[in-house]
Every structure is written in C-alpha cells, then in structure tokens.
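Listed below, chain by chain, are the residues.
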Amino acid sequence: MNGLVVLGVAALGGLGALARFGLDSAIQARRLGEFPLGTFVVNISGSLALGVLVGAGVKDDAFLLTGTAALGSFTTFSTWVFEAQRLAQDGEWRVAGANLGLSLAAGLAAAAVGRTLGGLL
Amino acid sequence: MTGDRRQLLAIFVGGVLGALARTGLVELWPPQAGRWPWATFLVNVVGAFLLGYFVTRLQERLPLSAYRRPLLGTGLCGALTTFSTMQVELLRMFDHGRDGLAVLYAGASIAAGFAAVTVATSMVRRARLVR
C-alpha cells in the first residue's frame, strides 16, 4: 500500500462517512416510525454495491479504495447494533429484533444479488 | 465556518480516522476466504463498544457539543465498523460450504456488538452515580 493509496483510503473513507450521514439524515427527516430506516437503507445499498464490486472482479488497490475504504465507511455495524440496543432498552424488543434480523437477511440478499449483477458487467 | 459545515468537517475527519484504522488492520491481518474474519469482527465489536461509550457520555454526562458526536460517533465509529464487508464475508463462507461458521459469525458479531453497547452504556452510567 503506497502513500497515494493511503491518501485515497483516507479521502474515500471520509467521503463514505459523509455520504452515510447525508442519506441517513434525509431518510430520518421523514420520521417514519420507530424502525431505524436510515441505517437500514445505507447498509443494504452499501452491501449491494460491495457485491457488485466483488462480482465484477475488482481487486487489489482498486478494491481497497472503493470497497474497503469507501463502502466500508459508508456502511456501519456500530450504529446498527447501537440502534437495536437502544430500542431494546426502551422496551421495543420486537422492533429491535426485526431490525437485526431484517438487516442481516436483506444485507446478505443484497450482497448476493449485487455479486450476480457485477458478474454480468 | 457555519455550525453545519463544522459538523460535516467533523464527520469527514472521523471517517478518515476510522477508515484508516480499519483498512490498516485488514491489511495487517488479511481475511482468508471462508475463514473467521478476525479483523472485521474485532473492529465491529470494538467500534460498537466505543459508540455506546461516546454516545452515552455525550448525551448524559457532557455539556452539549456541536461536533463531538459527529466526529466520534458518526465519523469515527461509523467508519471504523462495517456492515457490507461482513455480508460479503458471510457469502464467501456459504460459498465454501461453511454454513455453520457463517451462522456462528453472524450470531457472534451481533451478540458481541449488542453486549458491547450494553456494557459501555452501563459503565458510563455507573461512573456518573459514583461521582
């Protein structure tokens, strides 16, 4: 990993976080109930995109930049489990469980579909 | 700079640090397809702990701050942890016929992440009672 790649990882990692904030805020602003839909949409769309990269055979530095740095930062595990923990703490066990289960199932499906789509490219 | 711009800058800076730390760890400890991805597992659980710690402290202990949560929560912990990489790792485990490992990895990540948030939260709250 040379200096230019490190710089690219830094920049794309920062931009991934900003894109996550932008999309999450836009969805949360609609106030669609208890379900943390913003993080859900971010994580599922990011998994689809990462699947496409894998399916298209993107590798090495190109994958490190677009996949590991950009999409890795865009999607988030910590916020996902944090939101579930806070829902459970507030007694919303069903919403918390639905968030964990649906995100996992949809994330896997999205990554698999993305990989198939990427293979067609 | 307006408050909003400072907030965006904080998210960017946190994202840079989180992505560098995670990518560095993945480079040092490259995952092998179909095997337990220690680097991702570790950053995810540590990141969940840190997020629980920071957010509880910022919401319940420290004075309101415009940039701390964007920097530490949205930026750093958000970018340090990753959901998409975990899904692709799970797919690869299924590819290798390691269905049991995939179930274990998904279950352990969620359980450990959830527990990490709970422990971090109660640590911060207990510290407040002592003070």
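Calculation notes
Residues numbered from 1 in each chain as written. Chains lettered and ligands numbered in written order. Predicted model: local features only at pLDDT ≥ 70, side-chain atom pairs only at ≥ 80, totals over all residues. Helix = DSSP H or I, 4+ residues; strand = E, 2+ residues; numbered from the N terminus. Contact = placed C-beta atoms within 7 Å. Nonpolar A, V, L, I, M, F, W, Y, C, P; charged D, E, K, R; others polar. Axes fitted to C-alpha atoms, helices over the stretch in contact; angles between N-to-C directions. Parallel < 35°, antiparallel > 145°, perpendicular 65-115°, else oblique. Left-handed = near helix turned anticlockwise from the far one by under 90°. Expected span 1.5 Å × (residues − 1). Buried ≥ 20, exposed ≤ 12 C-beta atoms within 10 Å, placed from the backbone.

(A) Quick peek at the overall build of chain A. When its secondary structure is counted, chain A shows five helices and zero strands. Tracing chain A from N to C terminus, the helices and strands come up as α-α-α-α-α. Each principal axis of the C-alpha atoms in chain A carries an extent, and together these give about 50 × 30 × 20 Å.

(B) Representation of the interface of chain A and chain B in the model. Tallying the contact residues gives 39 residues for chain A and 41 residues for chain B. Counting only elements with at least two residues in the side of chain A that touches chain B, the list comes to helix H1 (3-28), helix H2 (37-55), helix H3 (60-74), helix H4 (78-89) and helix H5 (93-120) of chain A. Within the side of chain A that touches chain B, the residues separate by chemical class into 21 nonpolar, 16 polar and two charged.

(C) Representation of the packing of H1 of chain A against H3 of chain A in the model. Residue and element names in this part refer to chain A. In contact at an axis separation of 7 Å, H1 and H3 are set at 30° when each is read in the N-to-C sense. On the basis of their axis angle, the class for H1 and H3 is roughly parallel. Both H1 and H3 take part in a crossing whose hand is right-handed. Seen from H1, the contacting residues are Val 5, Gly 8, Val 9, Leu 12, Gly 13, Leu 15, Gly 16, Ala 17, Ala 19 and Arg 20; seen from H3, they are Asp 61, Leu 64, Leu 65, Ala 69, Ala 70, Leu 71, Ser 73 and Phe 74. Each residue belonging to the contact of H1 with H3 can be placed in one class, and the counts come to twelve nonpolar, four polar and two charged.

(D) Examining helix H4 (residues 84-95) of chain B more closely. All names here are of chain B. Here H4 contains twelve residues, and its C-alpha end-to-end distance of 17 Å stays within 8% of the 16 Å for a straight helix at 1.5 Å per residue. Along H4, nine of the twelve residues are buried, which leaves the element largely enclosed by surrounding structure. Buried residues of H4: Ser 84, Thr 85, Met 86, Gln 87, Val 88, Glu 89, Leu 90, Leu 91 and Met 93, and no others. Taken from the residues just after H4, Gly 97 is the one with a positive phi, measuring 75°.

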